[in-house]
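# Chain and residue survey
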Amino acid sequence: KDAQRLRLLSSGNPLVPRPQPFTTPLSTLLLVCQHWYAILVQDPELWRHIDITPHTTPESVQQSLIHSRDRPLSISCLFLSSYPRPLSTEATTTPHLNVYVDIVNKAFDILAPVADRWETVRVFVDYPEILLAAAGHIFGMPVLPQMRSLTLVLTDDLVPLSPYHPVHTLIPPTQLVTPSTPVL
């Protein structure tokens, strides 16, 4: 039962817009308590979905690869102008586009050795430079035997309620709360 609740907490509905301030990355859920940590690291299905966003770090991609074990990977690369810019000093001292391209390059460099596990890759971006960086890595792979779906979308105006809008779950998710539970 706990595993199901944590799965709900860490997943999202692709038809519901992502509220920026309330996200539940797995790395945050790992810090709640030892019980949650034990459940989360034992469930490779939770880790097979890898989001590459302005807030992705090489460590988070590596962590997902370790915990996903040998599961097929679903990779989403989401760089939209609606995303807040990263708070790192690097992002504030250089043009953010260069930082974004660097994030994409580092993430795909880490993912390249396990390209045989890529099942779906979705790239939704507002920036042609990021699309070219991601596509260069994707099409540079010699063989993608598990690939079932590849989606590349370049847009400058995603409709917020479209299925292409990035998603995260509210904390706490509505499935886990009673009417009297305060929402954070």
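Everything numeric here is computed off the predicted structure, so don't read it as measured data.

Turning our eyes to something else, we now look at the pairing of strand β3 (residues 118-125). In terms of burial, β3 is largely enclosed, as 6 of its 8 residues are buried. For strand β2 (residues 73-79) and β3, the ladder comprises 7 bridges, and the chain directions are parallel. Note that in β3 the partner of Ser76 across the bridge is Arg122. Pairing between β3 and strand β4 (residues 149-154): 6 bridges, direction parallel.

What follows is about the sheet that holds β2. Strand order in this open sheet of 4 strands is β1-β2-β3-β4, and the pairing throughout is parallel. At either end of the open sheet lies a strand with only one pairing partner, and these are β1 (49-52) and β4. If you compare each strand with its neighbour and ignore which way they point, the axes differ by 10° on average.

Right, let's talk about the side chain of Ser74 for a bit. Along the chain, Ser74 turns up in strand β2. Polar side-chain contacts of Ser74 include one of 2.8 Å to the side chain of Thr120. Sequence-distant contacts of Ser74, defined by excluding residues within four places in its chain, comprise Arg48, His49, Ile50 and Thr120.

As for its position among the elements, Arg117 is in the loop between α7 (96-111) and β3. Remark: the alpha-carbon pair of Arg117 and Pro145, spanning 28 residues in sequence, is separated by 7.7 Å. Side-chain polar atoms of Arg117 contact the side chain of Ser68, separated by 2.5 Å.

Those residues of helix α5 (residues 58-68) not exposed but buried are Val61, Ser64, Leu65, His67 and Ser68. Considering only its buried residues, α5 is in contact with α3 (34-42), α4 (44-47), β1, β2 and α7. Immediately downstream of α5, the backbone of Arg69 shows phi near 55°, a positive value.

Here α7 crosses helix α8 (residues 128-139) at 15°, and the two axes come no closer than 9 Å. Here α7 lies roughly parallel to α8, going by the angle between them. For the pair α7 and α8, the sense of crossing is right-handed. On α8, the residues touching Leu97, Tyr100, Val101, Val104, Asn105, Phe108 and Asp109 of α7 are Glu129, Ile130, Ala133, Ala134, His137 and Ile138. By residue class, the composition of the contact of α7 with α8 is 9 nonpolar, 2 polar and 2 charged.

According to the stated counting rule, one finds 3 aromatic pairs in the structure shown. Ring centres of Phe79 and Tyr100 lie 5.1 Å apart, and the angle between their planes is 55°; this geometry places the pair in the tilted category. Here Tyr100 lies in helix α7 and Phe79 lies in strand β2, a separation of 21 residues in the sequence. In this structure, Phe79 and Tyr100 share a single accessibility class: buried. Their ring planes at 70° and their centres at 5.7 Å tell us that Phe108 and Trp118 sit as a pair that is edge-to-face. Note that Phe108 is positioned in helix α7 and Trp118 in strand β3, a separation of 10 residues in sequence. When its relative accessible area of 0% is taken as the criterion, Trp118 is described as buried. Each member of the aromatic cluster is reached from another via a ring pair, and the members are Phe79, Tyr100 and Tyr127.

Analysis parameters
Residues numbered from 1 in each chain as written. Predicted model: local features only at pLDDT ≥ 70, side-chain atom pairs only at ≥ 80, totals over all residues. Heavy atoms only, no water. Buried < 20%, exposed > 50% of the residue type's maximum accessible area, 1.4 Å probe, protein only. Helix = DSSP H or I, 4+ residues; strand = E, 2+ residues; numbered from the N terminus. Pairing = 2+ DSSP bridges. Axes fitted to C-alpha atoms, helices over the stretch in contact; angles between N-to-C directions. Polar contact = N/O pair within 3.5 Å; in protein donor to acceptor, adjacent residues only side chain to side chain. Contact = heavy atoms within 4.5 Å. Parallel < 35°, antiparallel > 145°, perpendicular 65-115°, else oblique. Left-handed = near helix turned anticlockwise from the far one by under 90°. Nonpolar A, V, L, I, M, F, W, Y, C, P; charged D, E, K, R; others polar. Phe/Tyr/Trp six-rings, centres within 6.5 Å; stacked < 30°, edge-to-face > 60°.

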